[in-house]
Structure formats: C-alpha cells, structure tokens
Amino acid sequence: MGHLDGKVALITGAGGMKGIGRACALKLASQGADIVLSDFKREPGDLPPQEVKAQWRSIDSVAEEVEALGRRSFKIWCDLTVSGEIEDMARQAAAHYGHIDILVNNARAIIGRDRVPITELREEVWQRFLTINTTAVFLATKFVAKGMIERGKGGRIINMASDASKRGRPLMAAYNASKFAVLGLTQASALDLAPHRITVNAVCPGSVNTDRLNYWEEAQAKAQGISLEEFRARIVAEAGKSIPLGRMAEPEDVANMVAFLASDEAAFITGQAYNVNGGSLFH
Ligand SMILES: NC(=O)c1ccc[n+]([C@@H]2O[C@H](COP(=O)([O-])OP(=O)(O)OC[C@H]3O[C@@H](n4cnc5c(N)ncnc54)[C@H](O)[C@@H]3O)[C@@H](O)[C@H]2O)c1
C-alpha cells in the first residue's frame, strides 16, 4: 500500500478536528502505517466551537478516518501532565501492536493564558507549558525509545516544535521557552539514540490554519463582538499577506514534512529542525 507498510506510529494530541496531529495521522495512515492516537479528554468549555458544531469526538472521530483508509487504529486517552499516564501510553501502544516505529510528539498546552507580559505570567501557567510542551516530549521519548532499542530495528521520533523555537516574541515567554527547549532535547536525544538507528528531528511550523482553541483569541473576539471563527478567519487572511508564499500553512503542509522524516528516505537525517513556514524565517 505504501512505504510505511507494517510500521506503527504513535501521535500525541491527535484529536483536533483541524489539528496538525490529525493531519499527521491521516498522512501516515495513507502511506500504510497503523496508528496509535492519543489525546486527553478536554473540558467541554475547552473545545473549539467548530468541533462542538460538528459533534467532533476527538480521537474517536480520527480513529474512524484512519480505519476508512484501511489502516488499524488504537486509541489511548492520556493526560500528558501525568508522567505515569505517559509511561502507560507507551506500554499500552507497544503491547497492542508489538512495537512502535514512529513517535510524533505533537501535543501542546492550550494557548492563551500565557499571552501576557513576563511580569504578569503566572508561575502555574509557565509550569503547565513546560510540563506539556517540553517534559512530556522528554518522557514520551524516554519510554518509547526504550522499546525501540530493545527491538533493535531503529525508529523515528519527530518533535513538533515551532518558529517559536527559534525566535522570541512579545507575550510568549512560556511558549518560547518550552519550544526552544524542544530543540535542545531533539539534538541531545538524537545523539543518545543515534547508535540505535533511532533518528530524532523537529518540525518548526510558522502559523498554521488550525482551529485550535486559544483563550486569548476567544477574549479578543468577544471584545470585538465577533465570533471566534470570524476572528480566526481574519487572522488567517492577514497572516497570508505577510508570508512570502502568500498563505498560512495548512496542517497537511506540516504532515508532509512529518511523513518524510518518518520514511526510510530520511534514515540519515537526525538532530535537525525543519521549518515549514512559507519562507517567513530562514534559520
Ligand atoms: N497551530 C499553529 O499555528 C502552530 C504553529 C507552530 C507550531 N505548532 C505546533 O504544532 C503542534 C500541534 O498544534 P495544533 O495547533 O494542531 O494543536 P492544538 O493547539 O489544538 O493542541 C494539540 C493537541 O494537544 C492536546 N493537549 C492539550 N493539553 C494536553 C494534555 N494535558 N495532555 C494530552 N494532550 C493535550 C489537545 O487536546 C490537542 O489535541 C503543537 O506542538 C504546536 O505547538 C502549531
């Protein structure tokens, strides 16, 4: 069916209806991989309005899509703030399929409460960003890589970083710090795992046309008396004007890079951080 036939990919944060995780799941499945879909159960108030309207059911919905592509799917609810749940996720996924070949560390803390000047940033918000965006990447890598090493057939670990891993911005101290750290983690773990033919790379998208919930955007939309969808549409149109290739990235643009890094063709690439940003940042 495809060049990922027989491979198993575990993807965190895979339940968003327009999320990068879902796009990665569908892309890897379309290339033959069986998929482990992981996400956490969000509070109803933390769901994007489009998902509520569409009666979207997070990884339950994505699992049906993966199966419609003829691949197997396995769902694991995991709160990435709890290290024991991350260890269980790695164990359950490996037990279900016998192995994990590809790990995509994609989830992130719901953004918005961090969008304040550093002097206003609450320590609990800072901790949450570091816990989900950085520590969970470390822990998932640790637990999944152990199984890959035991199996002795190499592997692929792909960390979803950001242009925020390379450039600081105002009101983004927690997000920037958590995503810069992902690049250090990517390089160091690439070196630790290279003897086992496990590659570790990062993908750094610029702004992506997802409809993720963002508390800050929600508040801005409310203040302007418009819906969150309308506010997002304006951001997407505006962003397109400043991106050299003339549009915001789609989740599928990012998934294409993930699929390449997951493939055999990328066997000699490790410790790298690839931009997917339409030309808006070069380093
Ligand atoms: N959307 C963008 O513009 C953009 C730009 C650059 C990088 N990225 C990166 O791409 C990745 C995906 O972004 P997105 O916009 O598709 O996703 P998103 O913001 O919708 O969140 C990703 C997923 O993480 C999950 N999540 C949140 N808290 C969790 C927890 N405690 N435990 C388990 N899962 C949890 C969410 O439920 C969601 O499914 C993220 O790492 C993000 O930093 C996104």
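The sections below set out a description of the structure shown in this document. (Residues numbered from 1 in each chain as written. Predicted model: local features only at pLDDT ≥ 70, side-chain atom pairs only at ≥ 80, totals over all residues. Heavy atoms only, no water.)

**Remarks on the site of the ligand**
Just so we agree on the cut-off: The criterion for a residue being near a molecule or strand is simple. One of its heavy atoms has to lie within 4 Å of it. Side-chain atoms alone can form a polar contact between residues adjacent in sequence; in general such a contact is a pair of N or O atoms within 3.5 Å, and within protein one must be able to donate a hydrogen while the other accepts it. A run of H or I in DSSP becomes a helix once it reaches four residues, and a run of E becomes a strand once it reaches two; helices and strands are each numbered from the N terminus. For this classification, Asp, Glu, Lys and Arg are treated as charged, while Ala, Val, Leu, Ile, Met, Phe, Trp, Tyr, Cys and Pro are nonpolar and the rest, including Gly, are polar.
Taken together, 27 residues sit near the ligand, with I20, D39, N106, R108 and Y175 positioned nearest. A distance of 2.6 Å separates an oxygen atom of the ligand from a polar atom in the side chain of D39. Within the contact set of the ligand, a nitrogen atom lies 3.2 Å away from a side-chain nitrogen or oxygen of T210. Elements with a contribution of two residues or more to the shell around the ligand: α5 (123-151) and α6 (173-193). Of the residues in the shell around the ligand, the class split is eleven nonpolar, nine polar and seven charged.

**Looking at helix α4 (residues 83-97)**
Rules: Here the expected span of a helix is defined as 1.5 Å times the quantity of residues minus one.
Between its first and last C-alpha atoms α4 spans 22 Å; for 15 residues at 1.5 Å apiece the expected length is 21 Å, and the two agree. Where α4 ends, the next residue or the one after it, G98, has phi of about 95°, a positive value.

**Let's talk about the sheet that holds strand β4 (residues 102-105)**
We count it as follows: Strand pairing is assigned whenever DSSP identifies at least 2 bridges connecting the two strands. In this description, a line fitted to the C-alpha atoms serves as the axis of each element, helices being fitted only across the stretch in contact, and the angle between N-to-C directions of two axes falls anywhere from 0 to 180 degrees. Any pair of residues with heavy atoms lying within 4.5 Å of one another is described as a contacting pair.
Overall, parallel pairing links the seven strands, which are arranged β3-β2-β1-β4-β5-β6-β7 in an open sheet. Two strands close off the open sheet at either side, each with one partner strand: β3 (73-77) and β7 (273-276). Direction aside, neighbouring strands of the sheet carry axes that sit 20° apart on average. Contacting β1 (8-11), β2 (34-39), β4 and β5 (155-160), helix α1 (residues 20-30) crosses the sheet at an angle of about 175° to β1. Running over the sheet, α5 touches β1, β4, β5 and β6 (198-205) and is turned about 180° from β4.

**Focus on the pattern of salt bridges**
For clarity, the threshold we go by: When a carboxyl oxygen of Asp or Glu is within 4 Å of a side-chain nitrogen of Lys or Arg, the pair counts as a salt bridge. Note on exposure labels: buried denotes an accessible area under 20% of the residue type's maximum, exposed denotes more than 50%, and partly exposed covers the range between, all computed with a 1.4 Å probe on protein chains only.
All told, the structure shown has 16 salt bridges when counted by the stated rule. For D34, the salt bridge is made with R71, and the minimal N-O distance between the two is 3.5 Å. Of the two residues, D34 sits in strand β2 while R71 sits in the loop between α3 (58-68) and β3, which places them 37 residues apart along the sequence. Overall, the relative accessible area of 6% leaves D34 in the buried class. One continuous salt-bridge network, built from bridges that share partners, spans D34, R71 and R72.

**What about helix α7 (residues 215-224)?**
Formally: Summarising the geometry, the arc corresponds to the directions from the helix axis toward the C-beta atoms.
Three or more residues of α7 are buried, namely Y215, E217 and A221. Down the axis, α7 shows its buried residues gathered within 160° of arc, on one side only.

**Observations concerning the pairing of β2**
Heads up, the rule is: Seen with its strands pointing away from the viewer, a crossover is right-handed if its path from the first strand over the helix to the second goes clockwise.
Counting buried positions along β2 yields six of six residues, so the element is predominantly enclosed. Burial along β2 is two-sided: the residues D34, V36 and S38 and I35, L37 and D39 are all buried. Of the pairings in the sheet, the one linking β1 to β2 comprises four bridges and is parallel in character. When the bridges of β2 are listed, V8 appears paired with D34. What joins β1 to β2 is α1, and the crossover it makes is right-handed.

**Here we look at the environment of I198**
Its place among the elements puts I198 in strand β6. For I198, a relative accessible area of 1% corresponds to the buried category. When the C-alpha positions of I198 and M172 are compared, they lie 32 Å apart, and in sequence the two are 26 residues distant. Apart from the residues lying within four places of it in its own chain, the contact partners of I198 are A145, M148, I149, G154, G155, I157, L193 and T270.

Function cannot be read off these values alone, since they describe shape.
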